[in-house]
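Observations on the model geometry
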Amino acid sequence: MQDNATEVTAAGIARLAGVGRAAVSNWRRRHADFPKPVGGTETSPSFALAEVESWLRGHGKLAEVPLRERVWQQLVGHPEGPVAALTHAGCVLLLIHDRPTLWLELSAGSDERLAAMLPGALEQVLTPRFGAAPADPGEGRTHEAAGVSGPAAVNTPSGANPSGAVHTPDAAHGAPQAGNTPATAHAVPRPGGAPSAPRTSPAVQAPTGTALLPSVPLLRGAAELAAESGARQTFEFLLGRHLDANPRQYTLTPAGLAGLMADLAGPARTVLDPACGTGALLRAVAPRPGQELYAQEAAADLAALTALRLALNTPATVRAATGDTLRADAFPGLRADAVLCHPPFNERNWGHDELAYDPRWEYGFPARTESELAWVQHALARLRDGGTAVLLMPPAAASRRSGRRIRADLLRRGALRAVVALPVGAAPPYNIPLHLWVLRRPEKAPAQPEVLLADVGQFAGEGRGGPDWRAVGEAVLGSWRHFDRTGRLGERPGLARSLPVIELLDDDVDLAPARRLPPPAAADGAEQLTDVRTRLGETLRLTADLTPAPADAVQPAPRWPLTTVGELARAGALLMRTGGNGGHARVPVLTDHDVLAGTSPSGTLPESDEEPVLTEPGDVVVPVLGGGSVARVVDDATAGAALGRNLVLLRPDPAALDPWFLAGFLRGTANNRQASSYASTATRLDVRRLQLPRLPLGEQRRYGDRFRALDEFERALRLAGRLGEQLVRGMYDGLTDGTVAPG
């Protein structure tokens, strides 16, 4: 089968050839033999990938398409869309992971044979991993799913029914059985005694041969990539790129936060995430023998991707279901060791009218505006006695008056054990300091219950990379484990303390940690202010010393011979690289915000097997979005960071170019203006068009020394500004809390 079904946009062509979109537009105008559009719109056409690749190679603009890029373009250009393509690829990657010899036998034949044979082979892998599809429950009785052939199609959003049939798991209303037994559907009594005949389908089912046929080129490419990198790494790479390309469609839980929540829950054999999203929380769970992971997600496509991701990342039994958890709980008989949940916030249409008599509301019926308290009680209802739930919550849930009665009952009965205020930037929405609630299903009411309150807002990061997760983890886990072991925690000023529940049961039942924790020790605050004042004085003196000398008399502008960054790159005088879309969790990322603000690397990229572009001393980094003339020379402190998105790295040959000379001339306002293009909402810089004069290396270094001095002056000004703000804020705080006297 030809790969002409896979389409690629102009942006994809630019990525294949390593050029800007403007270059692709020029090729279309200048070359009559450039491939004609086969789809898309007049303003955003798409082209056949095979034709584009052939044209690029024929015109010497491409030696060979990298395998990763080819597979990615096949995925995004799939006629059924990238989600269906990614699900098909995930099924085959799981087959390769579990039954590699079977894949080799199937792939040896034609594309048509492969598509026809794959559904049966996939059933051999998917059914043990995810369970079988149950029979049609139209007769209103219990059905066994084992041995029944379900619909051979992958769930898609068009087939999703978030508020439809109730989903249930195993045969008994108790702990689900371990192992690879298929799931079973049950009749679940509804309020009033009327039984329903639910239907539970696994989130992933084998696609039909007809559905798989357009995906065969992609599947062969993914298998080839898996042979190089591994099946798990290949899926993570493709999924990471998809999530990164569609940031507004998904609410992601950062890896640092997911790890903290899993650590708070502790070791667990059976774990549930009732709003699993992309599966970050369940991925963070430490593996154990015989472990079972249960996941539910309202979006069918996301549930399928998450199930595949978990199956490729863990040997645990995975049971993933599609459906609205509050209205159609897929696992009503589950009693898990732990529940981890990042629920949707501020949902008004969560089922308030339909669920008034639901038995899960053991601590009170949540108000329409308290959807988060519905998720809290759902989590508690799915725990075994003594099991732990950790939920990410908006801060308003700790203090809204409409939820005070439920909060009070959670405290009285010992279900709510801790509230932790996280730093700003911990998770979306990034401008709000979210909370973690740690709950435990009570085995018996505690005699003198206390609750742990902690606030780790002091560990917020300066950039967009989020907080210092290592410091957050040490503070939170240290406080929680001591409290969990002893039932109380002495005061840790400004950080954590435990309070008797009786002290919180007032009219508001306000659990916001900041309102209950003591301030930092006054002596420490005064000492810190003195240190800030000393540093500010030293910085201001340094700023005065670094102030540039007055300019000499204005000289006529020299007529230098000019060259461009693009010409220098072609001549080998510098290497040009663009920021990546994936990397390793342990590598800090230099973001465009870091470059603009002059701060240390603070970002993260989706974890994938893609090799990041790592910076080296002497590299020049240029942001390409937002306008403005900025370039940064990488020093020893920044070296080793991964290059983030929307950045271009220039690595000059030291025998031909001085890095400070290069960075200085790239910052010229006129230079940036002539190299910029303008869209309706943003300015984009074409780094290849930036100009600099052709000068001998000795003359370059003379200019470079001057540019380096200006950079030191600029850094000193930034530091003085930050220290000044810190001193002013500290003085206001000291005067208002009485630790600093007016005199």
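Each remark here, short or long, concerns the structure printed above.
Everything quoted here is computed from the prediction, not taken from an experiment.

Calculation notes
- Residues numbered from 1 in each chain as written.
- Predicted model: local features only at pLDDT ≥ 70, side-chain atom pairs only at ≥ 80, totals over all residues.
- Heavy atoms only, no water.
- Helix = DSSP H or I, 4+ residues; strand = E, 2+ residues; numbered from the N terminus.
- Buried < 20%, exposed > 50% of the residue type's maximum accessible area, 1.4 Å probe, protein only.
- Contact = heavy atoms within 4.5 Å.
- Areas by Shrake-Rupley, 256 points an atom, 1.4 Å probe, with all protein chains shown as cover.
- Pairing = 2+ DSSP bridges.
- Axes fitted to C-alpha atoms, helices over the stretch in contact; angles between N-to-C directions.
- Arc of directions from axis to C-beta.

Section: the overall build of the protein
Of regular secondary structure, the protein possesses 23 helices and 24 strands. The buried share of the protein, reckoned over its 743 residues, is 51%. Sequence-distant contacts in the protein: of pairs separated by 6 or more residues, those separated by 24 or more amount to 73%. Counting only carbon and sulfur atoms, one obtains 51% of the accessible surface of the protein, whose full area is about 34,100 Å².

Here's the deal with the sheet that holds strand β1 (residues 7-9)
The sheet built from 3 strands is open, its strands ordered β1-β3-β2 with antiparallel pairing. The two strands at the open ends of the sheet, each matched to only one other strand, are β1 and β2 (39-40).

Description of the sheet that holds strand β9 (residues 336-341)
The strand order β8-β7-β6-β9-β10-β12-β11-β13-β14 describes an open sheet built from 9 strands, whose pairing is mixed. The open sheet has two free edges, formed respectively by β8 (317-322) and β14 (496-500), since each of these has just one partner strand. Within the sheet, the average angular offset between the axes of one strand and its neighbour, ignoring direction, is 15°. Inspection of the sheet shows β9 paired to strand β10 (residues 383-393) by 5 bridges, in the parallel sense. Looking across to β10, one finds that Val339 is bridged to Ala389.

With respect to helix α3 (residues 49-58)
Those residues of α3 that sit buried are Leu49, Val52, Glu53, Trp55 and Leu56. Buried residues in α3, looked at end-on, bunch into an arc of 165°, giving them a common side. Against the buried residues of α3 lie β1, α1 (10-17), α2 (21-30), β3 (45-48) and α4 (67-76). Immediately downstream of α3, the backbone of Gly60 shows phi near 70°, a positive value.

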